[in-house]
Each structure stands twice: as structure tokens, then as C-alpha cells.
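One-letter residues, chain by chain:
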Amino acid sequence: MLSLGAASALAQDGETNSDTITVTGTRIAQTGMQTPVPVTSVDAELLSTMAPGNIIEAVSQLPQFFGNQTPNSITETWFLRGGYGNLNMRGLGINRTLTLLNGRRMISSTAFGGVDINAFPEAMISRVETVTGGASAAYGTDAVAGVTNFILDTDFTGFDAHGQWGQTTRGDGDNYEVSLSFGTDIGDRGHFLVSGELFDQDGVFSYEDRDWYQGWGLINDAGGVPQLYPNVVSRNSSFDGLIVAPGTSLDQSEFLSDGSGIQPFVTGSPSQFPFGIPPARHSIANGGSGDDLGAEAPSLYPDVERNNIFAYADYELANNFKVFAQYIRGQNKTNQPNYPRGSLHGTPTAITIFADNAFLPDDVRQIMMDEMIPSFTLKRMGSLEDIGRDMRIYDDSVLHSITGGFNWQVENGGFMNGWSVDGYYQYGRNKRQAYQVGLRVDRIHAAVDAVDDGSGNIVCRTTLFNDTFADCEPLNLFGRGNASEAAVDWVVGYEPGDTITTPIYFADTGFDLGVTDTYTTQEAKVNITNMRQHLFELSASGEVYEGWGAGPISMAFGGSHREEKIRQIVRDPTNPPSDHDNGHPVLCDSDPEAIAAGLRGVSAPDCGNTVGLQYSKVSNINGKSTVTEVFTEVLVPLVADAPLMEQLTLHGAARWADYSGSGSIWAWKGGLDWQMTEDFRLRGTYSRDVRAANLSERFDKTGGSATITDPRYPGDGVINVTRFSGGNPLVSPEKADTITVGFVYQPSFIDGFSLSADWYQVKIDDAIGQLGVQAVADRCEEGALDLCDLVSRDTMTDRIVLIGDVFVNVDQAKISGIDLETSYQRDISLFGGDESISWRFFGTWLDENSETLAGTNKIDRAGQIGLQQSDGIAYALPEFKFTTSLTYEYGPVRTFLQGRYIGGGTIENSLVEGVDIGSNHVDSVFYLDLGVTYRHELDNGAGIELYGNMTNVLDQDPPVTPYYSAFFGYTQQTNQSVHDVLGRRFVIGARVNF
């Protein structure tokens, strides 16, 4: 029952039973569920009630998770995210949270690490257990913050079908889910089950009926302190186009929407930064010109489609010897607008308009002639009415996992009698195809340079010289919606249907591998990432000695070998090999080929670009890592039935691992479980945990954008640069020391009540990380020549245009806090009996979440839930949050009420109010959820269930966490990685089982 699920999390900490089970966090099967590490269990029925049809949303409501990667989270960019269902325990990162399925590792969804739980068979999940202490000694790398184990119901028998539909109360975000499950015995010795499910949700790309959005942003006051204002928009770019021509009468003008003329750009009050540079902005709440470039098609939630097939069979070949096989196929698709959509406002692409441009309004052309203005800079953002309409990013990720293994319960009356021996082989494959339709920066400069061919025809100027741009279509970007379909098509995306065969250039080895790729082009640039995993494991557990009266001594040991491979191929027709060291798809004005073609006006940063599609720099990757491990674990009852020592048990574990490229390392754990009285228990652990670099940290070289201050030219202020992150095959594993201390209290005089509290601390040394682009630039300027190899400057302006940031063992990190969990369950009789009530509370206090980069001061971000002002990174680290639920059952009706509290915090901890920012406070928020279920029982255990669920019943607005992005050209008002931006929504559904 749901009520049992709601209270079961604490039952594991104190109740005992006669069944032998294995709890997440240990490999030793034992009676009861007492362990020295905190373990929380939530059953699938409760998770489904918390967030029907969306397991990542349900798990994200558990307080121990901070900043999970969900479909609408913004903690990572589209290029750098691990997926759309990656768990982040304690806020230490998805790479430090080990996610298991039935106690076994699953393959990562991308090179950046993390397992996408959207691929798991949701219909077959029985419960989810989380271990909120280090568990590397038990499970190996990645378990620094803890372990989340999704346990499947492989004993399911019968037939279950369910379907549901939902949407927001604003009429958008329509979604549905259907699933079918079937399980049956095979004779007396076997079992077979299969399930399938499909989920589909429409994206939300509008602020319509969400009046909380007012474009809140920060602008400096007269004293230079950023203050919060509504309707903050760019003074550097618009959908119609702004003219930057200092010293002329055209300067600070804007084009009319129909492109027929210009008018003065009216600056609102207050404003900040000079007109025509990327961070320039103003508030138009009381009047002024400009467009909210982020409000035209915001991605509050992408289009999402998931489907899953699961099959499992086991058979007892001989008494106590069972073999099993399992297959999973999970697919996850997303689709959303590309951001930014055709950026022409100098980050870095900017457009030069010459006086002979044939689309210029006559009055503008006349001014240019009168004032002898040869050209001006046009600052503009692509609109849905023209070049921004078809720019999208979408991906399709498919996971296949095949597992085969055995379990042998040894009953021979002799050596290892009563032991359990388990072994399995697992093959995993994940293929992610990421698609990007964007602006062709290799074409845009030719297309906007439109002239009269002398016969009254408007053509691209380059076509009058030669056929380098033979099919060029002249593009009118004055105003919005005035460009021809042919011109838009020519500068957006690629031409489908061309066959390309090319050698492949890898980020670390160049052309040395001799790999070639043949493909047919499509409109999008395609990034295909293939991940492979082979995993063998053999383990045994059982009693080794009857002990000295406190209980038998138990032991587990085993070994494993894992091999992971990645091959990422980028299909870019403008740079077919994806050679980012020598590629030159965008011609510079000074190139002989450009001169011959009559090409002019190419911005200097663009001509240094190695990709022809804007903001799409991704490298080919080829890499492989292996690890061989041996492990052991022991459970030693020390004392029993003594005063204040009903049971004192020692837990110990050790693991030796040998990683390719970085050598061997030890992980270990020691813990005490002390049952002082029947009601009260103490527990504590100390462990050394490890994490090896993921495939991206070893082999990747991924592009992106960043904002920095050039230490050579600090007067330029914050500038935008192209960034690449480089992998390091020799980076060493990081080491963490973890301490947990806590208690469990289950008073015998309050039947059904339980309370637990645990303090934790994790200190990581030699953490795998990056210095950060600002530190790279600063230290290069200070004389660190090795870092200067990562900095590229424009040969004409001497400004930084490209900067690298490689992975090294430079960081230190530390987190600490307290978890509190309590529950209460009992039968009641308010209306004549057959009633029960259960209550559960889970809260967490985050005391510290700090990072210390080499040579820098410690930065503690506990309580930071805004977008960091220096770089726009979204943090999701409230100091306090809780989830509490109350379930009431009366006969066939079950009512569920849940409250979720996210504490207030800061925009950025390092900011000083009154100096660096006017108000550094982010409001707290409380969400109320409601669920009602009616079940009608039929014969033989069959039943029909009808249910409804409403999330965010009070329709709470997301708190304001303002950040103005010079790169995007608009303010980001909220942190949707923390707060709900969809608003009130509901789901109704039905389930039939027999």
C-alpha cells in the first residue's frame, strides 16, 4: 500500500524480520535492514503519486538531490549535459552520484557521465533506495556522494495496463503515458516477464498566461550597484536591427519592423553600458525601444518522447542454481528551439552593411552618401518571422542493455555452505544522435551583402565576381519578416541529400587512426556518440564464523572487470573532418579566395572559426578506458544483549582498482552500527571514496562560449569568447574522505513512529576539474607559458577569441550537512474503521558546498540558488529544503497530500549587498501537491484503479533570480533548475491489473 511505501524508508533502519535481504550499500545479505550508512527507500507507488509519468521529476523531489539534470534544467548547456534524467546527489555533480539498476551499473548516456534514468523500465520499478554516504568500497568509482539503486520487481506475475493524460491549467504541456506489463511462471522453476511503455509531452515555448514573467533584470544604479528592474531588454540588438555607426547621425537608430525606414532608438531609464556593445541594456518599463529577445520562444520545457521495452527471464536449472537474462531498450527524444537563434549582435558574429546595399531604405542610403559613411554595423537577433524560425536543437538517445548471469545458493553441508555466489556479464550500448539547425556563418556575410546587378535585380555581390557562392540568395535583415524564403533557407542549416566521404580528425590523435565516414547530409549538423560497455562481475557472500555469541561473522568478496569505449563522430559539411586545429570554413576578407569572390564585411572572430554553423563546435572523440577491481566486505557482530549494547556490529569494506591511464587506487570503509536499546540506535561510517575521470574528462575537446575579462585589456569589460574544454587521458582519480554520524529513534510507546538524523561530511582532494577560462587567461598573462598555449588572440586586434580549459587534478571540494527523516503510520477509525493514515517528512540542511581551485580562495556556494553573475552558471544549492507527505486511506479511496519547501537563498554568495548588488536575496517557495486514487477490487486480486494528481496546486510563481546574459542578449529571470516554471498542472489516469 502507499501508506507502507510512505513509511518504509525508516522501517529499514530499525525493524527486523526473518527474511535474508541485501540492502543497497552493502553486498552482504543479512536479516533485517540495519546498516551503518543512511539508506532511504521509496516505493514505486509513492514515486508515481509524486509525479505521474515522470520518474526523474519524482526523484528530484527528494531533498538529498540538488540540481538533477531534467528536461528543463539549465545547470548544464545542451552540449555539455549528460542527458535528461541524471541524478546529482548532494550537489556534488552527476559524475559523483552512482546510479544502479538492480544493483548493477548501467552505461552512461553521453561522454559527460551520468546514467539517464529515463531509459529505465518505469513500469517494472519496485522501489528506489538511496545511500547518502560514500559507497566506493562496495561499488567502485563514482559513488562519492552516494548511490541510487532502482530495484525492479522481477517476480511480477499477472497483467497490468495503465494510461494517463495531463496538461497545465494554462492549456499547454499536454502529455500522455501508456504502459503494459505481463509476467508468468514457466513451469515450477522459471519466470518470464515483459513490459513496454510510451510517454509523450508537448513542449512549452511561451510565457502566455504566466504573468510572473516581467523580464526582471539587473542594471547598475548611479552608484554602480546592480538593482532589480522589470522589462530589461538589450541596447545592443533587436529583432528589427540596430545601427551602430559612432560619429554619424545614423548611430543609435533602429529599423522599422517593415524595413521601410529608421527611427531613433529611445533609451529607457535606467540603462547600463554604452549602446552597441553586448552587455548594454535598459529598462523599458516606463518607455523606450527594444525587444525582449528571450521572450519570443522561451524553452520552459522541451518536447519530450520516451519509450521503453523490458524483458526478463529466470530459470532454476538445478536445485538452488538459477540463471537469468535481461534486456532493456530505452529511447529518449527531445526537441526545442536553438538558442540563440541567429545571433548577429557581436558575440562574436556582427554584420557590416555597405552603402550600396540594395535593401537599404532610400533615406538611409542618402544619409550615408551625404555623410560619406561607407558602412555601418547592424546588430540583430534572428526572429521567428525570418532566420530564427527553423533553428532547433533536438536529440535521439537509444540505450540497449543485455545482462546474463546466475545465482547459486550453496547447500553442500561443507565448505561455503549457506553462501550465495553471483555472477553476470552485461553489455551496454548507448547511441545519442544530437541535431542542430543553426545559422551558417560561412554564408551570412555573403548573403547580407546584397547589391543591384545593374539591371535592377538584387543579387549577392559575390555572384558578380565568381561562382564561389554561386547559389547565394540575397538576404534582407532590415526589420523582421522581410527576408525571402529562399534567402532564409540558404543561411539556415545545410542542403539535404549530398553524399560526403571524409577522413575523420580526432581531438587527440588527428588523422592517425585512418577512420573515414560516409553519410548523406541533412538540414541539421549531426553529432553521433556511440558508447559501449562490457562488464563482468563475480561475487560471493555468506557466513565465515559463528562468532562469540554476538552473532555470526559474514563476509563478501569478488572481482570485476569493466571496459568502456566512446566514439563520437561529428557530421559537419562545412568542416567534414571536424579538424578544429586546421579547419577554416569561414573565409576572411583577406583570404585570396575571398578577395577573388568579392567577399567583404566578415567579422574577424568569425573568420577564425572552425565551424560553419554558429555555436556548434564539437570534436570527434575516440577513447577507451578499462578498470579491474577486487573487493571484500566483512560484518562482525561485536557485542549483543549487554547493557546499552543490544547489538554492536562492525562493518568493513575494501576495494582495489586498477584504471587504465592512471594506475591503481584503494577505496575502503569502516562503520559501526550500535543498537543501544530497543528504541535507539547510533550509526557511523568513515570511508575513502574514489572517482575516476569519465570519458569526456579524458578524451573530449568540446566547444562552447564563455565570458571573461581580458587581463591585457581590462578596460574592455566583460567580453565573449569561444571556449573549448580539453580531456586529459592521464588525469588521476580523485579521492574523498566521507564521514557520516547519526541515530535512529523508534519509541516503543509510539507505535508506527520513527525518527532519524545523520550528519555528513565529504572532503575531496585532487578533484578532477578545470582552472576556469578566467584563471587560464590571468595566469597566462602572469607568465604561465604552458597555459598560453590554450589562449588564441586575434592577429589584428590582439583580443582573445579562443581559450581552452583542460581537466587536471586541481580542485578541492567539501560538503557537509544534516539529513532528518521521520515517519508515522497507524490505523485509525474516524468514520467507522478500515482507515489508515501515514505521514513522512524528509528534510536536509546544507551547511557547506565549497570548492577551492588551486591557488585560489575557497568558494562556498551553500545557499546559492541564483544564476552566478560572472558566468551565468545556475546553482541549485538551497541551505534547507524538505518534502513532507500525508496519506489517508478509507476503504477503496486514498488521498495524498504533499508539501515541498525550497528555502530562500542568495543569487550569488560572493556578492555583498549594497556593494556588488542591491538585493542578494532569493525568496523561499512552498509547493503543494494533491493526489486521489479510487480502486475497485475484482475477483482473484484483479482490480481497476482511477486516479488524479495535481502538482503545484497553489500555482506558485518562481522566485526572481535575475541574470543578464551578454551572450544571449536578454535577461534570465528564473532558475528553472530549482523552481517550477510550468505552474499548476494535472494528470488523470486509469490502471487495470489481473
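The protein chain is annotated in an unreviewed UniProt entry as TonB-dependent receptor plug domain-containing protein of Hyphococcus aureus. Per UniProt, the protein chain has the following entry under Subcellular location (unreviewed entry): "Cell outer membrane". Here the protein chain is described in UniProt, under the heading Sequence similarities (unreviewed entry), as follows: "Belongs to the TonB-dependent receptor family."

A complete count under the given rule lists 48 salt bridges for this structure. Between D172 and R210 there is a salt bridge whose closest N-O contact spans 2.9 Å. Of this pair, D172 sits in the loop between β8 (158-168) and β9 (175-186) while R210 sits in the loop between β10 (190-201) and β11 (217-220); the two residues are 38 residues apart in sequence, bridging distant segments of the chain. On the basis of relative accessibility, which here comes to 2%, the residue R210 falls in the buried class. Taken together, the shared-partner salt bridges connect D710, R712, E781, R793 and D798 into one network.

In this section: the packing of aromatic side chains. What the rule picks out here adds up to 28 aromatic pairs. Seen from their ring centres, Y207 and Y213 are 3.8 Å apart, and the 5 degrees between their planes marks the pair as stacked. With relative accessibility at 11%, the residue Y213 sits in the buried group. Grouping aromatic residues by their ring pairs yields a cluster made of F841, W845, F880, F882 and Y901. The residue whose ring lies beneath R104 is Y424, and the NZ or CZ to ring-centre distance is 5.4 Å. The residue whose ring lies beneath R600 is F354, and the NZ or CZ to ring-centre distance is 3.9 Å.

Looking at helix α5 (residues 362-370), one finds that the buried residues are V364, R365 and M368. Buried residues along α5 cover an arc of 100 degrees about the axis, so they all sit on one side. What points out from α5, more than 90 degrees from its buried face, is the exposed set D362, M369 and D370. Looking at the buried positions of α5, the neighbouring elements they touch are β16 (262-264), β22 (351-354) and β23 (375-381).

Each value, and the rule that gives it
- Residues numbered from 1 in each chain as written.
- Predicted model: local features only at pLDDT ≥ 70, side-chain atom pairs only at ≥ 80, totals over all residues.
- Heavy atoms only, no water.
- UniProt positions renumbered as here; feature names shortened; annotations may be inferred.
- Salt bridge = Lys/Arg side-chain N within 4 Å of Asp/Glu carboxyl O.
- Helix = DSSP H or I, 4+ residues; strand = E, 2+ residues; numbered from the N terminus.
- Buried < 20%, exposed > 50% of the residue type's maximum accessible area, 1.4 Å probe, protein only.
- Phe/Tyr/Trp six-rings, centres within 6.5 Å; stacked < 30°, edge-to-face > 60°.
- Lys NZ or Arg CZ within 6 Å of the ring centre and 35° of its normal.
- Arc of directions from axis to C-beta.
- Contact = heavy atoms within 4.5 Å.

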